[in-house]
Amino acid sequence: MKYLECRQVTKRFGALEALRQFSCAVEKGEILGVIGPNGSGKTTLFNVMVGIYSPEEGEIFFQGHSISKLPPHKICHRGIAKASQTIQSFLEITVLENLLIPAMYGKNLGAKKARAQAESILNFMGLQDVQDLPVSEISLAKRRRLEVGRVLATGAELLLLDEVMAGLNPHEVEEALRVLQRIRQDGKTIILVEHVMQAMMQFCERIIVLNHGEKIAEGRPEEVAQNPEVIQAYLGRPYA
Amino acid sequence: MMGIGKRTLVILSLLAVLFAVLPALGLEGYRLRLLSLVFMWIALAGCWNLMSGYTGYIDFGPVTYFGAGAYATALFMIRLDLPFFVSLVLSGILCAFLAFLIGLATLRIRGAYFAIATFAAAEALKQIVLEGDRVVGFEFFGGSHGLTLPVPPPSEFFYYFLLAFTVLVIGISFYLERSKFGYGLRAIRGSEQGAELSGVPTLSLKIKAYILSSSLIGCIGGMEAYWLTYIIPEDVFNVLRTIQMVIMTLLGGMGTIWGPVIGATFLTLVGEFLGTKFVYDYLILLGIVIIIVILLLPRGIVNLVKSKRGGAQ
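So, how was this worked out
Residues numbered from 1 in each chain as written. Chains lettered and ligands numbered in written order. Predicted model: local features only at pLDDT ≥ 70, side-chain atom pairs only at ≥ 80, totals over all residues. Helix = DSSP H or I, 4+ residues; strand = E, 2+ residues; numbered from the N terminus. Rg over C-alpha atoms; globule rule 2.2 N^0.38 Å. Buried ≥ 20, exposed ≤ 12 C-beta atoms within 10 Å, placed from the backbone. Contact = placed C-beta atoms within 7 Å. Nonpolar A, V, L, I, M, F, W, Y, C, P; charged D, E, K, R; others polar. Pairing = 2+ DSSP bridges. Expected span 1.5 Å × (residues − 1). Axes fitted to C-alpha atoms, helices over the stretch in contact; angles between N-to-C directions. Parallel < 35°, antiparallel > 145°, perpendicular 65-115°, else oblique. Core = buried A, V, L, I, M, F, W, Y, C linked by C-beta atoms within 7 Å.

### What to know about the overall build of chain A
Logical step 1: Secondary structure assignment for chain A yields nine helices and ten strands.
Logical step 2: On C-alpha atoms alone, chain A measures out to a radius of gyration of 18 Å, which is about the 18 Å that the 2.2 N^0.38 rule sets for 240 residues.
Logical step 3: Taking the principal axes of its C-alpha atoms as reference, chain A extends roughly 55 × 40 × 35 Å.
Logical step 4: Going through the 240 residues of chain A one by one, you find that 45% of them count as buried.
Logical step 5: When contacts within chain A are restricted to residue pairs at least 6 apart in sequence, those whose partners lie at least 24 apart make up 63%.

Laid out in structure tokens, this is it:
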């Protein structure tokens, strides 16, 4: 039994096929990268996995059970959580409260235990100094960290991280990578979508390349980087 | 996390006791009724705030339940000869059921569409009560003639009833500030998708909040029917009641404990004061007051206190 498996998943928006017959499997504890040019279907893939969209065709299995028809909160309870590129934090409440909500609802904890969980994530993500500030008042780098923290606080075992390093400077990317390394050491399974190639090459064990909603390559990072089809998708035919 | 300070709890309890003994100390007549009215609007605005303030879903049809509660209480008392409190509880349950049905249909849509749908529900129910008898050819709702209820007890009864409801609604707001349910609702207001992705069952929480708010509003409607002894659809389903709940909460501060309390007290007292001094043009003046407050404090009067505190820290 695969940990997560997509079988022939298709998602359409009107005439546009954002994902076409996409299949993949993820092993427990693996770090999988998904890359592709803009509009290739990476975010759609994540959104289908967490239940924001349900696929028109195909099915997704998590730990042997189909999750394609479940709403996002139920998928979260099963143990899959997504950090979004468009940050989904709750702006008006404090950083600590932002972590309290996923701890209460994702892990189904009572107030006291949820608070302990939220505080431990707060320390883990290095956000103690801003814990009582409303999210609207903290920097982008910290908001990105909070978004990852929100996902961790749900207690999910499979983390889908969608461009969590977007807009960060090189120093902040280094820091984010260190955090990801520590999450990895905790035995979590991670699927990462990122445009920061340095991060992808360094961090992922396997990479899937999407183009126009289809998988065009899959393999170890160095293999994928040499793949002519991938080079063509990114840079055009003359470079392939 | 915001906790209730012991001091706040003591001050609130003392205030409740003070208001409870006021009639014994000689409060009566006009002042007693005015204070009852203030309590009624605090409770109504507070109920509206429980749903709309905390989830950010602007409900433009709370008067659906105010009217339904008023009519249900009246009908239980007149047609079935039931005592007031039994009628009231049954009306609350009926409103909860109605809110479940309307909520299930409307709470999947957002923003202006939700507001329009709830507004339409209120208007539809008003028309049913107004025209229902004529359509089926059977005297039940009383149509535009309205219904007359049995003779009510003295004003003190309603004063205590409304005081108790005010305490109850403020108590629920305190609960929402620190409970899992309240955090879930505020997550919905912050980002509904973010809430779902964090494991919050958004639809079920919204329906629960809507049922809670609507059944309490229904009970207050039932109380008012008994207090006034005579109800007509144009009055108990009047959209102005909805607007008043909305404006009071916005003036005070949405999604806060004290917003509806401050907004309702302020608007009721200012309205009453202007109404007695300027009998013919007090509504114009009231409008000007509302505009000034909103221009100066767009996030509500309660934020004046909050931002001052924030500045001092």
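Having seen the structure, we can now continue with the description.
### Regarding the overall build of chain B
Logical step 1: Of regular secondary structure, chain B possesses 14 helices and two strands.
Logical step 2: Within chain B, the fraction of its 313 residues that count as buried is 45%.
Logical step 3: Looking at chain B alone, contacts between residues at least 24 apart form 76% of all its contacts between residues at least 6 apart.

### Some details on the interface of chain B and chain A
Logical step 1: In this assembly, 16 residues from chain B lie in contact with 27 residues from chain A.
Logical step 2: Class assignment of the residues belonging to the side of chain B that touches chain A gives a composition of six nonpolar, seven polar and three charged.

### Overview of the pairing of strand β10 (residues 214–219) of chain A
All names here are of chain A.
Logical step 1: With five bridges joining them, strand β9 (residues 206–211) and β10 adopt antiparallel strand pairing. In the strand pairing of β10, N211 is matched with E214.
Logical step 2: In textbook terms, the turn of a hairpin is the stretch between consecutive antiparallel strands, and for β9 and β10 this stretch comprises two residues, one of which, H212, has a positive phi near 50°.

### Thoughts on helix α1 (residues 6–21) of chain B
Logical step 1: The first and last C-alpha atoms of α1(B) sit 23 Å apart over 16 residues, in line with the 22 Å expected at 1.5 Å per residue.
Logical step 2: The buried fraction of α1(B) is low, at zero of 16 residues.

### So, the pairing of β9(A)
Logical step 1: Bridging between strand β3 (residues 31–35) of chain A and β9(A) involves four bridges; their strand directions are parallel. In the sheet register, A:V34 faces β9(A), and the bridge partner there is A:I208.

### Digging into helix α11 (residues 239–252) of chain B
All names here are of chain B.
Logical step 1: Its 14 residues place the ends of α11 20 Å apart at the C-alpha level, agreeing with the 20 Å of an ideal helix rising 1.5 Å per residue.
Logical step 2: Of all 14 residues in α11, ten are buried; the element is thus mostly enclosed.
Logical step 3: Taken residue by residue, α11 has R241, T242, Q244, M245, V246, M248, T249, L250, L251 and G252 as its buried positions.
Logical step 4: Looking at the residues trailing α11, positive phi occurs at G253, about 135°.

### Details of the packing of helix α6 (residues 155–178) of chain B against helix α7 (residues 180–190) of chain B
In a pair of packed helices, the angle between the axes and the distance between the axes together describe the arrangement.
Residue and element names in this part refer to chain B.
Logical step 1: Closest axis-to-axis distance for the α6/α7 pair is 5 Å, and the angle between their directions is 75°. Here α6 lies roughly perpendicular to α7, going by the angle between them. Mapping the contact onto sequence places Y175, L176, E177 and R178 in α6 and F181, G182 and L185 in α7.
Logical step 2: Considered class by class, the residues forming the contact of α6 with α7 number four nonpolar, one polar and two charged.

### Topic: the sheet that holds strand β7 (residues 158–162) of chain A
Residues and elements named next belong to chain A.
Logical step 1: Reading across from one edge, β6-β7-β8-β3-β9-β10 is the order of the six strands in this open sheet, with mixed pairing throughout. The open sheet has two free edges, formed respectively by β6 (80–83) and β10, since each of these has just one partner strand. On average, each strand axis in the sheet is inclined to that of its neighbour by 20°, with strand direction left out of account.
Logical step 2: Pairing geometry for β6 and β7, over four bridges, is parallel. Within β7, the residue paired with K82 across the bridge is L160.
Logical step 3: In the packing of helix α1 (residues 42–49) onto the sheet, contacts are made with β3, β6, β7, β8 (189–193) and β9, and the angle to β7 comes to roughly 150°.

### Description of the nonpolar core
Logical step 1: By size, the foremost hydrophobic cluster in this structure holds 155 residues, and its most contacted members are A:I80, B:A43, B:L44, B:Y71 and B:I220.
Logical step 2: The dominant element in this core, judged by the number of residues it contributes, is helix α2 (residues 29–55) of chain B, at 14 residues.
Logical step 3: Those residues in contact with B:Y71 that sit more than four places away from it in its chain are B:V129, B:F141, B:I231 and B:V236.

### Thoughts on the environment of B:A164
Logical step 1: Within the secondary structure, B:A164 is located in helix α6.
Logical step 2: When the C-alpha positions of B:A164 and B:A16 are compared, they lie 8.7 Å apart, and in sequence the two are 148 residues distant.

### Description of the sheet that holds strand β4 (residues 57–62) of chain A
All names here are of chain A.
Logical step 1: Taken in spatial order, the four strands make up an open sheet running β2-β1-β4-β5, and their pairing is antiparallel. The sheet terminates laterally at β2 (16–26) and β5 (65–66), the two strands that pair on one side only.
Logical step 2: Note that strand β1 (residues 4–13) and β2 share seven bridges and pair antiparallel. By the bridge assignment for β2, K11 is matched with L19.
Logical step 3: Running over the sheet, α1 touches β1, β2 and β4 and is turned about 65° from β2.

### A closer look at the environment of A:T10
Logical step 1: Mapping A:T10 onto the fold places it in strand β1.
Logical step 2: Among all residues touching A:T10, those that are not within four sequence positions of it are A:E17, A:L19, A:R20, A:Q21, A:P55, A:E56, A:E57 and A:G58.

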